[in-house]
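As a plain string of letters, each chain reads:
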Amino acid sequence: VSVPPPFFAQMEALAQRHYLPVAAAQMCLVRSLSDVVAQMFAAYHTVPLQWASTVAWQCSAAGCESQFTLDIVHVLAMGLVGLTTSGCGGALWLRHLEAQMGPTDGSGVVALQKSAADFMCYAPIVNCANLLLVPLLCGHPVGEALTNMQAHLPELMKLELMLFGPFNLLIFSRADLISPDLRPTCKAMLSFVFSVGLGFACA
């Protein structure tokens, strides 16, 4: 039996004691940081950045120092929605899925069923919620939020399938590799890439 690294052992112990708070806090942090990255990329993507230490110099040379102002309201909205819908909601969904379908026990069919249920049942709901709630929290009218959801949901679901499809097959088929209590933590780590895309979709 393989022994997990100390970090994962500590995270698993923490998640077992405080499952929902840990999952919510992780996703809040991931969504907030990824939104900062998305906003900076949107402002600086035309600047040929090579090293972090040269960012200020290159932007000054390109005349873009006044182009970027962090939208803190958007960051807070992303964090709040991450805390609630993706953090608490995602953790509760994973526990519900495990309770309803039971442990996989090495069954490829059950792992595929859980992955399909996650993509077809949970993903559309949480992605619609993200695309609606972030613009609403930022002060946009309901009509604009609905238009944003309709415009970006298909591409967001494609990104969901590309990133989380293989990941879900792995975590649902190998309980010895990633325990159910650690699944929200591992999903939050992978969610950083997804959340950058979500940040653009919710701009």
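In what follows, the accompanying structure is described.

Criteria and cut-off values
Residues numbered from 1 in each chain as written. Predicted model: local features only at pLDDT ≥ 70, side-chain atom pairs only at ≥ 80, totals over all residues. Heavy atoms only, no water. Salt bridge = Lys/Arg side-chain N within 4 Å of Asp/Glu carboxyl O. Helix = DSSP H or I, 4+ residues; strand = E, 2+ residues; numbered from the N terminus. Buried < 20%, exposed > 50% of the residue type's maximum accessible area, 1.4 Å probe, protein only. Expected span 1.5 Å × (residues − 1). Bend = angle between axes of the 7 residues up to and from the residue. 1 Å grid on protein atoms, 1.4 Å probe; cavity = no way out; pocket = protein on both sides within 12 Å on 5 of 7 lines; lining within 4 Å. Points joined across faces, edges and corners; volume = space filled by probe spheres on them. Nonpolar A, V, L, I, M, F, W, Y, C, P; charged D, E, K, R; others polar. Polar contact = N/O pair within 3.5 Å; in protein donor to acceptor, adjacent residues only side chain to side chain. Contact = heavy atoms within 4.5 Å.

1. Description of the pattern of salt bridges
Step number 1: Enumeration over the complete set of coordinates arrives at three salt bridges.
Step number 2: The salt bridge involving R183 is made with E98; its shortest N-O contact spans 2.9 Å. Here E98 lies in helix α4 (residues 72-101) and R183 lies in helix α7 (residues 183-201), a separation of 85 residues in the sequence. Judged on exposure class, the residue R183 and its partner E98 are both buried.
Step number 3: Salt-bridge contacts for D118 lead to K187; the nearest nitrogen and oxygen are separated by 3.4 Å. One end of the pair, D118, is in helix α5 (residues 108-137); the other, K187, is in helix α7, with 69 residues separating them in the sequence.
Step number 4: Its relative accessible area of 1% is what places D118 among the buried residues.
Step number 5: Taken together, the shared-partner salt bridges in this structure form one network comprising E98, K114 and R183.

2. Some remarks on α5
Step number 1: Given a rise of 1.5 Å per residue, 30 residues ought to cover 44 Å, and the 41 Å separating the end C-alpha atoms of α5 matches this to within 8%.
Step number 2: Bending of α5 peaks at approximately 40° at the position of A123, with proline P124 no more than four residues after it.

3. Considerations on empty space enclosed by the protein
Step number 1: Per the stated rule, a full pass over the model turns up one cavity of 30 Å³ or more.
Step number 2: For the largest cavity, the calculated volume is near 240 Å³.
Step number 3: Contributions of two or more residues to the lining of the largest cavity are made by α2 (19-44), α4, α5, α6 (142-173) and α7.
Step number 4: In terms of residue count, α4 provides more of the lining of the largest cavity than any other element does, six residues in total.
Step number 5: Class assignment of the residues belonging to the lining of the largest cavity gives a composition of 10 nonpolar, seven polar and four charged.

4. Remarks on the side chain of N168
Step number 1: With respect to the element layout, N168 can be found in helix α6.
Step number 2: A polar contact is formed between the side chain of N168 and the side chain of D118, at a distance of 2.9 Å.
Step number 3: In this structure, N168 is in contact with S115, D118 and K187, ignoring residues within four places of it in sequence.

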